[in-house]
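These are the residues of each chain, in order.
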Amino acid sequence: MKKNAALQNRFLGFAFCILFILGMGGCATVPKGTSGITNLKDLCDRNGVEFDWDSVSQVVTLKGFNLRAKVLVGSDIVMVGKDKVTLSSRVKRVRSSIIVPPDFEEKILNRFKTGADFAIKKFKKIVVDAGHGGKDPGATGKSGMKEKNVVLDIARRLAKNLSQSGIEVVMTRDDDEFLTLEKRTEIAARSNADLFVSVHANSNPSRSIDGLEVYYMGQFLKKDKKEEQRLKNQGILYSHLEMEQGSADLEKILSDMMHTYKQAESRSLASHVASDTAKSSGAMTRGHKEARFFVLRNTLIPAILIETGYLTNAREEKLLATDDYRQKIADGVAESLCNYVK
Ligand SMILES: [Zn+2]
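Note that this is a predicted model, so its numbers are computed, not measured.

A.B. asks: Let's hear about the packing of helix H4 (residues 147–164) against helix H11 (residues 323–339): which residues, and what values?
C.D. replies: Packed helices, taken two at a time, are described by their axes: the angle between them and the distance between them. At their nearest, the axes of H4 and H11 sit 8 Å apart, and the two run at 45 degrees to each other. Taken together, the axes of H4 and H11 are oblique relative to one another. In this structure, the crossing between H4 and H11 has a hand that is right-handed. Counting all contacts with H4, which are made through Val 150, Asp 153, Ile 154, Arg 157, Leu 158, Asn 161 and Leu 162, the residues of H11 involved are Asp 323, Arg 326, Gln 327, Ile 329, Ala 330, Asp 331, Val 333, Ala 334, Leu 337 and Cys 338. Of the residues belonging to the contact of H4 with H11, the class tally is 10 nonpolar, two polar and five charged.

A.B. asks: Can you break down the pairing of strand S10 (residues 195–202) residue by residue, with the values?
C.D. replies: A large share of S10 lies buried, amounting to eight of its eight residues. Side chains Leu 195, Val 197, Val 199 and Ala 201 project from S10 onto one buried face, and the interleaved Phe 196, Ser 198, His 200 and Asn 202 project onto a second face that is buried too. Examined bridge by bridge, strand S8 (residues 125–130) and S10 share five bridges and lie parallel to one another. Directly across from Val 128, in S10, lies its bridge partner Val 197. Direction of pairing for S10 relative to strand S13 (residues 303–310): parallel, over a ladder of six bridges. Bridge assignment links Val 199 to a residue of S13, and that residue is Ile 306.

A.B. asks: Residue-level account of the packing of aromatic side chains, with values.
C.D. replies: Summed over the entire model, instances satisfying the criterion amount to two aromatic pairs. For the pair Phe 123 and Tyr 340, a centre-to-centre distance of 5.9 Å together with 10 degrees between the ring planes defines the contact as stacked. With Phe 123 in the loop between helix H3 (104–114) and S8 and Tyr 340 in the segment after H11, the pair connects residues that are 217 residues apart, well separated along the chain. For the pair shown, Phe 123 and Tyr 340 are each scored as buried. Considering the side-chain rings of Tyr 215 and Phe 293, the 5.2 Å spacing of their centres and the 75 degrees angle between planes classify their relative orientation as edge-to-face. Within this pair, whereas Tyr 215 is found in strand S11 (residues 212–216), its partner Phe 293 is found in the loop between strand S12 (285–290) and helix H9 (294–297), the two being separated by 78 residues in sequence. A residue is classified by how much of its surface remains accessible, and Tyr 215, at 12% relative accessible area, is buried.

A.B. asks: Describe H11, and please don't skip the residues or the numbers.
C.D. replies: Between the first and last C-alpha of H11 there are 24 Å, a value that for 17 residues agrees with the 24 Å anticipated at 1.5 Å per step. Looking at H11, one finds that the buried residues are Tyr 325, Arg 326, Ile 329, Ala 330, Gly 332, Val 333, Ala 334, Ser 336, Leu 337 and Cys 338.

A.B. asks: Describe the sheet that holds strand S9 (residues 168–171), with residues and values.
C.D. replies: Strand order across the open sheet formed by six strands is S9-S8-S10-S13-S11-S12, with mixed pairing between neighbours. Looking at the sheet topology across the chains shown, the edges are occupied by S9 and S12. The mean inter-strand angle of the sheet, taken between neighbouring strand axes irrespective of direction, is 20 degrees. In the packing of H4 onto the sheet, the strands contacted are S8, S9, S10 and S13, and the crossing angle to S10 comes to about 145 degrees. Contacts from helix H8 (residues 248–281) reach S10, S11, S12 and S13 within the one sheet, and its direction differs from that of S11 by about 175 degrees.

A.B. asks: Got a sec to walk through the coordination of the zinc ion? Specific residues and values, please.
C.D. replies: Six octahedrally arranged donors around a metal ideally form angles of 90 or 180 degrees; four tetrahedrally arranged donors ideally form angles of 109.5 degrees. The zinc ion binds to the protein through His 132 (NE2), Glu 147 (OE) and His 200 (ND1), with metal-donor distances spanning 2.1 to 2.2 Å. Of note, the zinc ion draws all its donor residues from one chain, in the sequence arrangement H-x14-E-x52-H. You can see Glu 147 sitting in helix H4 and its partner His 200 sitting in strand S10, a full 53 residues away along the chain. On the basis of relative accessibility, which here comes to 13%, the residue His 200 falls in the buried class.

A.B. asks: Describe the pairing of strand S5 (residues 83–86), and please don't skip the residues or the numbers.
C.D. replies: A one-sided burial pattern is seen for S5, the buried positions being Asp 83 and Val 85 and the unburied ones Lys 84 and Thr 86. Relative to S5, strand S4 (residues 77–80) runs antiparallel, the two being bridged by four bridges. Each residue of the ladder has a partner; that of Val 78, found in S5, is Val 85. Where S4 folds back on S5, the antiparallel hairpin that results is connected by two residues, among which Gly 81 adopts a positive phi of roughly 55 degrees.

A.B. asks: Please set out the sheet that holds strand S3 (residues 67–72) residue by residue, giving values where relevant.
C.D. replies: Picture the strands of a sheet paired through backbone hydrogen bonds; they go either parallel or antiparallel. If you trace the five strands from one edge of the open sheet to the other, you get S1-S2-S3-S4-S5, paired in antiparallel fashion. Unpaired on one side and paired on the other, strand S1 (50–54) and S5 mark the two borders of the sheet. Here the strands of the sheet are splayed against their neighbours by 20 degrees on average, with no regard to which way each runs. Its contacts with the sheet place H8 against strand S2 (59–64), S3, S4 and S5, and it is angled at close to 150 degrees to S3.

A.B. asks: I'd like a rundown of the environment of Cys 338, residues and numbers included.
C.D. replies: Structurally, the position occupied by Cys 338 is in helix H11. Between the alpha carbons of Cys 338 and Gly 166 there is a distance of 9.4 Å; along the sequence they are 172 residues apart.

A.B. asks: Tell me about the packing of helix H5 (residues 181–191) against helix H7 (residues 228–240), residues and numbers included.
C.D. replies: Running from N to C, H5 and H7 point in directions that differ by 20 degrees, and their axes come no closer than 8 Å. One way to sum up the angle between H5 and H7 is to call them roughly parallel. In terms of crossing hand, the pair formed by H5 and H7 is right-handed. Taken together, the residues of H7 that come into contact with H5 (itself represented by Glu 182, Thr 185, Glu 186, Ala 189 and Arg 190) are Gln 229, Lys 232, Asn 233, Ile 236, Leu 237 and His 240. Within the contact of H5 with H7, the residues separate by chemical class into three nonpolar, four polar and four charged.

Parameters at a glance
- Residues numbered from 1 in each chain as written.
- Predicted model: local features only at pLDDT ≥ 70, side-chain atom pairs only at ≥ 80, totals over all residues.
- Heavy atoms only, no water.
- Axes fitted to C-alpha atoms, helices over the stretch in contact; angles between N-to-C directions.
- Helix = DSSP H or I, 4+ residues; strand = E, 2+ residues; numbered from the N terminus.
- Parallel < 35°, antiparallel > 145°, perpendicular 65-115°, else oblique.
- Left-handed = near helix turned anticlockwise from the far one by under 90°.
- Contact = heavy atoms within 4.5 Å.
- Nonpolar A, V, L, I, M, F, W, Y, C, P; charged D, E, K, R; others polar.
- Buried < 20%, exposed > 50% of the residue type's maximum accessible area, 1.4 Å probe, protein only.
- Pairing = 2+ DSSP bridges.
- Phe/Tyr/Trp six-rings, centres within 6.5 Å; stacked < 30°, edge-to-face > 60°.
- Expected span 1.5 Å × (residues − 1).
- Donors = N, O, S within 2.8 Å, 3.2 Å for Na, K, Ca; no water.

Treat this as a map of the structure, not an account of what it does.
In structure tokens:
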């Protein structure tokens, strides 16, 4: 038995080596870019972009003007500044060259030429998550107004505004249905969206407390990164990507890159949305705050949770009951997300 297992292991190791060599050396047809050049080093030289390849981590760093990009060899992902850009196919290493797909020049290198990174709309696809629903009413106001209904209405208005601005929207629920928190984060992982926005309304035993708050996940603990749902979502997300299957190193690098991006972006965005929305809606704001909510912990993309006001506060409950105020909140959030460029 032992001998058989050892033989089998050796065979598997050998087969893996062959596959690896084929994978590295293969590629009979190399796609051509608009310029006819698909060799990344040549493309960079031509565009005056600095090229630095770390063969251990398989990451190519591109530098130019104020912009920096990280090309993850073996995947179709490039981090440009704080943006995650998906290419039409994966970046490959062919012998000693890095070969990029035809859309690389347009999607990545053009940004180095024009500084266009600062002018384009940041988010192309946003998941809008109306909190609670179905058997879970969320907070209840003195008048009996339920959070699940208020936030669904605001979420619908927000989705409409974003769509009208050309942003694709995925709603986790568009009805009075119950959804687990796990399911909400799974929808985000499957959607291939850039951002997750959860909409809620707050409650407090003290009825004098009022104001809008925007939450983001601060420091992740070691155990957070290993949370069951997070790992599951990671699997879902990676299965979408054009990536060398089962490459643990690539997955680790990608996971670290996305995590760093998520943290920086969520915090900055929470701050913007809180102040922009308060300004345009006239809402009193309690600012942006850290919280360890499940949906913030277990989404892999930047994520914020907006508490649109306190249903337990008589003044805000009255406001949140009106179409006008709900629309103002939705307008404020949508505008803030559309104008966000950092
Ligand atoms: Zn809630």
